[in-house]
Amino acid sequence: MVDRPETGIAGKEIKYYMWKVYEVEIDNGDTITLDEYSAGEDLKTAQLNKKADGAEVTCTHTNNNIVTVADAGITVTTPCILYAFGRKA
């Protein structure tokens with residue numbers, strides 16, 4: 001389990017909130033820390049999809065600005081797109 005980097009590819013800021021789309025490479029159990037989002041408030045939503053086929057990857061986002069991959073079907077490092085919405089840092 002490692003904390004994976006993300007590369008922002010699109011986004012919009014709306015007063016106190018923002019949405020952003022990232023490219024990430026993940027494995028099961030990895031975390032992604034989104035520093036642009038508040039560490040004091042959970043993300044409103046986060047979704048991971050495989051780049052290869054668009055299939056959704058199970059993840060949680062209940063630990064402030066951290067997304068955790070929780071998909072037993074991911075057994076090798078997999079390129080994905082991460083969509084996130086939450087309060088700006």
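Just so we're clear, the structure is a prediction, and the values are computed from it rather than from any experiment.

Student: Please explain the nonpolar core as it appears in this structure.
Tutor: It is characteristic of soluble globular proteins that their nonpolar side chains tend to be buried jointly. Membership of the largest hydrophobic core comes to 18 residues, with the highest contact counts inside it found for Val24, Ile26, Leu34, Leu48, Val67 and Leu82. Of all the elements in the fold, those that place two or more residues in this core are strand S2 (17-26), strand S4 (45-50), strand S7 (66-69) and strand S8 (78-87). Considering each element in turn, this core owes the most residues, 4 residues, to S2. When near neighbours in sequence (up to four residues on either side) are disregarded, Val24 contacts Pro5, Glu6, Ile32, Leu48, Thr78, Pro79, Cys80 and Leu82.

Student: It is not clear to me how the environment of Glu6 should be interpreted in this structure. Could you clarify?
Tutor: Along the chain, Glu6 turns up in strand S1 (residues 6-14). Here Glu6 falls in the partly exposed class, since its relative accessible area comes to 22%. With 15 residues separating them along the chain, Glu6 and Val21 place their C-alpha atoms 9.4 Å apart. Once residues lying within four places of it in the same chain are set aside, the contact partners of Glu6 are Tyr22, Glu23, Val24, Ile32, Thr33, Leu34 and Glu36.

Here is what the cut-offs are and how they apply
- Residues numbered from 1 in each chain as written.
- Predicted model: local features only at pLDDT ≥ 70, side-chain atom pairs only at ≥ 80, totals over all residues.
- Heavy atoms only, no water.
- Core = buried A, V, L, I, M, F, W, Y, C linked by side-chain atoms within 4.5 Å.
- Buried < 20%, exposed > 50% of the residue type's maximum accessible area, 1.4 Å probe, protein only.
- Helix = DSSP H or I, 4+ residues; strand = E, 2+ residues; numbered from the N terminus.
- Contact = heavy atoms within 4.5 Å.

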